[in-house]
Amino acid sequence: MGHHRPNTRSKNKRNRPDDYADVASEIFRNVLSTTLVTEDDINQLYMIWKPACQGCRVNTKDNPNCFCGLIPPPNGSRKSGLWQKTSEVVNALGPDPSDDRRASPETPAGLTNLGATCYANSILQCLYMNKSFREGVFSIEPDVLKQQPVLDQLARLFAKLHLYKMAFVDSAPFIQTLELDNGVQQDSHEFLTLLFSLLERCLSRSSVLKARTIVQDLFRGGVSHVTTCSKCGNESEASSKIEDFYELELNVKGLKSLDESLDDYLNVEELQGDNQYYCDSCATRVDATRSIKLRSLPAVLNFQLKRCIFLPNTTTRKKITSAFCFPEELNMTWRISEHFQSELIYDLSAVLIHKGSAANSGHYVAHIKNENTQQWWEFDDENVSNLGCRPFGKGSSQSAVKPSQTEQLEHSSSDVIIENGNGPDAGEWQASNTDFTEVKTFSSCDAYMLMYVLRRPKNGDKMSIDSSGDKAEKKTFTSSEADSHLPSHLYEEVEKLNDSYVDSCEQYKAKKESELNCITERRQEVRSILSKAAVQSAEKSYFWISMDWLRQWADNIMPSIIDNTSIQCTHGKVPVSKVGSMKRLSCEAWTMLFSKYGGGPTLGKDDHCIDCLFEVAQSMARADNYRDRRTLMKELAEAALAGDCPDEKSYYISKPWLQQWLRRKNVDSPCEADAGPTASIRCPHGQLMPEQASGARRVLIPESLWNFIREIAMAVKPDDSVGCSTFFSDSEPCTQCSIQLTEVACLEDTLREFKLKQRKSHERLAMGKSIQIFPGIRYYMLPSSWLSKWKSYSNASGKSAACAEPESLDAVIHLLMCEKHSRLLERPPDLAWKRESIFQKSPATETLTIITDNDWKLFCEDWGGTEAKGITAEIDCLGNDFLGSTEDMAISEEHMTSNDEANAGAESRKLIIKVSPEVCEECIAERKSCELMRKLNYSNEDICVCFIRGKEPPKSVLEASVNSLEPNRRTSKRSRKTAFGNSVNLNVSGSTSVYQLKMMIWEAFGMGIVL
């Protein structure tokens, strides 16, 4: 035999609320009849008999012994309060300052991006990581720092980068001192040039030699533009002039490596033909050569790669994104103009990278080598990451380019190692010979500036190389292997910041531990008390506690004192009506809660309110009596509505009120809706309202039903004698109201006849049809807005009959005249040929509408117009000759509309419209100018900007732009639902410049400025 599954259908099955209601009703009847309340009655009414349930998903109100659902399951959580996830509790404390701690003293610190200041951050990091420059800044006297805000903020910034314990430093003080716009991206090369110029002026105030000339000593070199005569071999006088440079600007377009760019930079140019040079020695124009010669090289050699070129055809800038190779070790000995005794070997120390394909936007990062550890670091604003021993690290995220080919460095017999900073094969070794020196070459599509540092001689000094003599003039900088100490005032300032930062970390840690410990203790407390909350047996004592307080105690981290006032009646005890709002708590659990939180009042086992119990029993008895009576009266009311009213004495009552009274269900006692059974059929004079009046429908009901209805209405509103006025079946309607209704009916009939007359007299205008216009006949013109109101008024009927009347014609015509010249302020409408006939082009959109002479006379009679004040219009149709006075208004090519080829003959004839009074062009122009100024002087208006991918915007966007200019124009549902893709609303004013609008658009769509 197979195994039978156990029957679990009735497991945890609850009794229906109706079962309890029936039992409670029976108990209340017995209590009311016997006036005795037994202990069993208390147990049943207060549901003490129910067992303590376990495993319920939610807490049940119909069981005071149920404590389920007050806390989540062991592995569960809630969105807020005591039981939310630990991670959310920690997040509510705010960011942990220790997360921003620098990983180690050897890890450099980043700089905050204030919006679009990545270009400045990259340059500042390059300068700071240069030990000699950093020491020079630290050697500036405090008095000079006080006088020079730029130097002061730079020294403070370097000091924080040097010793601050946070992983990043706020660059705002230094950026604000330079008065830079945080939201505008600038070129890093231009920024470096301006910064060097500013630092030179500020450092000139210092008396410390090392600080005063630190920029010149480290970054300044010399070049000459040499022109040599091919005939006599003499150089021009200008060739001996040496110009300073702080970086060499090298071409990138069409060149693949740094060597090629340097060859291009130092290339000899032939001056021939029209470009011949005038030689003073030869006293004639001769062939010559021109070139750039390097006279001296700085200790830090910067190469600016000219990746951004100007396109004259489009007047825009374009970025060159081709791969560019550069070596880790650069030999400049043979490139200096005159022979130098020792080798000039430069090591790659920094690569400034411009990410992005556009020239006017993008993001700057810097890859810099630490001089002490020889480790490369990537500086991306606040984020600093270690790249290892290579400038692009392993698995570089640079944009991919083709792997560079192995090439032999000139003037070197060594094999080459190509390391591609962009490709997957970066750093692969080529075949090498152990007899040769290995040289690495790197490749990048985004390298924007290269920084090389002169390799130190064996004695540890750095040199600036000058080729003006046979011997090199050494400029030494005293530098120990370790960084020198900070000046005392900067050291103390940074230490105070570090102390403050460490203190904030400790405070956060203590607060976090305290919060988590408090939550852990509270959770243990709640679980412990709830485990002891259930009363184990009926004989034991217990206490009542408010469910609202118990729920907030179990949910909140810091609960309030016990509050049982919500479950206490006016007699100071526990009413039976609050049984669903309280729980039965054991003595042990109550003692634990009361001893810790206090409050009250204390409501125990013997605090059941017998008085409230009897009141409930009496209320239930009254409700039963009311339901029984209402059931009997309901049958009489249904019969009355069906027209079956006994011949006995009857009364009038509002029919809608009675219908609503019948629809109400489950009514145990009278309510507000039972008031005013005759309010709608009582007129203002206190009599019966005529049945023709609106809302005055009535029905006859028998006397017994009327007495019941009047009784419950007066019980709800005892003072409402108006709503319970008695009207016998023989009551006559109010005479005054009947007369008023008759007069109103007559007025409505008269108005109806007047509107019908209007529609018949002006049939085409009422139907919205254009009238045919004939030359030589006098017509009149009316404002189209007035005709629209007249049309709505004449066609209104039924509920919309109360449409507003149009204004008087004289007032409307007066508004069309200018006060200065008493001429017309509107131009006549456009005309069109249709089937060899002339019609107004578009009456619905024109300001004026042409009507016939008869229509004008009838309008004047009905709407207060003076015939002589009308605006007349007469149309002449001429041939090719144009005749007309200055008072005529000619229909030009803009006023004529062609329908099809069949009307070609008609279109050749010109139309002239004569208006009286004539059009005032002066006032029209002035009005349009004022309207234009009003439109331009707007403020806080929203415009919609759509981001379109492609050359041409979709038709839906163009139609939406046209519709926005015509607010009264209807658009189809499809047009209104069309999605324009990525769009934003921008708030602008008339004073918003085009540049400001561009910046708002760039920021909204993340273009132009990359944070």
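Residues numbered from 1 in each chain as written. Predicted model: local features only at pLDDT ≥ 70, side-chain atom pairs only at ≥ 80, totals over all residues. Heavy atoms only, no water.

Colleague: Help me understand the overall build of the protein chain, please; the structure alone is not making it clear to me.
Modeller: Looking only at helices and strands, the protein chain has 28 helices and 39 strands in total. Counting across all 1011 residues of the protein chain, residues that qualify as buried make up 41%. Contacts in the protein chain between residues far apart in sequence, at least 24 positions, make up 70% of those at least 6 positions apart. (Helix = DSSP H or I, 4+ residues; strand = E, 2+ residues; numbered from the N terminus. Buried < 20%, exposed > 50% of the residue type's maximum accessible area, 1.4 Å probe, protein only. Contact = heavy atoms within 4.5 Å.)

Colleague: Help me out: how do you make sense of helix 14 (residues 547–555) in this one?
Modeller: Given 3.6 residues per helical turn, the α-helix brings residues three or four places apart onto the same face. All buried positions along helix 14 are accounted for by Met547, Trp549, Leu550, Gln552, Trp553 and Ala554. Elements that come into contact with the buried residues of helix 14 comprise helix 13 (488–531), strand 23 (542–546), strand 24 (562–563), strand 25 (582–586) and helix 15 (587–597). Of the residues that open helix 14, the one with a side-chain oxygen 3.3 Å from the backbone nitrogen of Asp548 is Ser546. (Polar contact = N/O pair within 3.5 Å; in protein donor to acceptor, adjacent residues only side chain to side chain.)

Colleague: Help me out: how do you make sense of the sheet that holds strand 33 (residues 837–840) in this one?
Modeller: Whenever strands of a sheet pair, they do so through backbone hydrogen bonds, lying parallel or antiparallel. An order of 30-33-32 is seen for the three strands of this open sheet, with the pairing classed as antiparallel. Only two strands of the sheet have a single partner each, and these edge strands are strand 30 (772–773) and strand 32 (831–834). (Pairing = 2+ DSSP bridges.)

Colleague: Could you clarify how one ought to interpret the environment of Tyr780 in this entry?
Modeller: Along the chain, the position of Tyr780 falls in strand 31 (residues 778–783). Sequence separation between Tyr780 and Asn854 is 74 residues; the distance between their C-alpha atoms is 9.4 Å. Tyr780 has contacts with Thr849, Ile850, Ile851, Thr852, Asp853, Trp856, Glu867, Gly870, Ile871 and Thr872, leaving out every residue within four places of it along the chain.

Colleague: What is the right way to look at unusual backbone geometry in this model?
Modeller: What is expected of a backbone is that most residues other than glycine have negative phi and most peptide bonds are trans. A cis amide bond links Gly600 with the next residue in sequence, Pro601, at an omega value of 0°. Within the secondary structure, Pro601 is located in the loop between strand 26 (599–600) and strand 27 (603–604). Residue Ser916 is joined to Pro917 through a cis peptide bond whose omega torsion reads -5°. Looking at the element boundaries, Pro917 is found in the loop between strand 37 (910–916) and helix 25 (921–936). Unlike most non-glycine residues, Thr35 shows phi in positive territory, near 55°. Examined against the element boundaries, Thr35 turns out to sit in the loop between helix 1 (17–34) and helix 2 (39–45). In this model, Asp381 sits at a positive phi of 55°, which is unusual for a non-glycine residue. Inspection of the secondary structure puts Asp381 in the loop between strand 17 (376–380) and strand 18 (383–388). Looking at Asp381, the relative accessible area reads 8%, which means it is buried.

Colleague: Looking at this structure, how should I read the pairing of strand 21 (residues 447–454)?
Modeller: Across a regular strand the side chains alternate sides, sitting on one face of the sheet and then on the other. Counting buried positions along strand 21 gives eight out of eight residues, so the element sits mostly inside the fold. Sheet analysis places strand 10 (residues 300–306) next to strand 21, joined by five bridges and oriented antiparallel. Across the sheet, residue Asn302 finds its bridge partner in strand 21, namely Met451. Relative to strand 21, strand 15 (residues 345–355) runs antiparallel, the two being bridged by seven bridges. The residue of strand 21 that forms the bridge with Tyr346 is Leu454.

Colleague: In this structure, what is going on with the pairing of strand 10? I would like to understand it.
Modeller: With respect to burial, strand 10 is a largely interior element, six of its seven residues being buried. Here four bridges tie strand 5 (residues 248–251) to strand 10, and the two strands are oriented parallel to one another. Of the residues in strand 10, the one forming a bridge with Glu249 is Gln304.

Colleague: Sorry if this is basic, but what is going on with the side chain of Glu525 here?
Modeller: Position of Glu525 among the secondary structure elements: in helix 13. Relative accessible area serves as the criterion here: at 15%, Glu525 is assigned to the buried category. In terms of polar contacts, Glu525 uses its side chain to reach the side chain of Lys596, at 3.0 Å.

Colleague: Which parts of the structure should I look at to understand the packing of aromatic side chains?
Modeller: The geometry of an aromatic ring pair is captured by two quantities: the separation of the ring centres and the angle between the planes. Overall, the coordinates contain 27 aromatic pairs when judged by the stated rule. On the numbers, 5.8 Å between centres and 75° between planes, the contact of Phe303 with Tyr452 is edge-to-face. Placement of Phe303 in strand 10 and of Tyr452 in strand 21 is noted, with a sequence separation of 149 residues between them. Here the two residues Phe303 and Tyr452 agree in accessibility, since each one is buried. Relative to Trp590, the ring of Phe543 has its centre 5.4 Å away and its plane inclined at 15°; by these criteria the two rings are stacked. With Phe543 in strand 23 and Trp590 in helix 15, the pair connects residues that are 47 residues apart, well separated along the chain. Pair check on accessibility: Phe543 and Trp590 agree, each one buried. Following the ring pairs from residue to residue traces out a cluster consisting of Tyr128, Phe133, Phe158, Phe196, Phe219 and Tyr246. Geometry around Tyr793 places Lys755 over its ring, the cationic atom sitting 4.7 Å from the centre. (Phe/Tyr/Trp six-rings, centres within 6.5 Å; stacked < 30°, edge-to-face > 60°. Lys NZ or Arg CZ within 6 Å of the ring centre and 35° of its normal.)

Colleague: Would you mind showing me how to read the sheet that holds strand 27 here?
Modeller: One open sheet holds the three strands; their spatial order is 25-23-27, and the pairing between them is antiparallel. A single partner strand is all that each edge strand has here, and the edge strands are strand 25 and strand 27. As paired strands, strand 23 and strand 25 are joined by five bridges and run antiparallel to one another. By the bridge assignment for strand 25, Phe543 is matched with Leu585. Together, strand 23 and strand 25 form the strand contacts of helix 14, whose direction differs from that of strand 23 by roughly 80°. Its contacts with the sheet put helix 15 on strand 23 and strand 25, and the angle it makes with strand 25 is roughly 100°. (Axes fitted to C-alpha atoms, helices over the stretch in contact; angles between N-to-C directions.)

Colleague: Can you help me understand the side chain of Ser989 in this one?
Modeller: Tracing the chain through its elements places Ser989 in the loop between strand 39 (982–988) and helix 28 (994–1005). Looking at Ser989, the relative accessible area reads 16%, which means it is buried. A distance of 3.1 Å separates a polar side-chain atom of Ser989 from the backbone nitrogen of Asn940.

Note that every value here comes from positions in space, so none of it alone points to a role or purpose.
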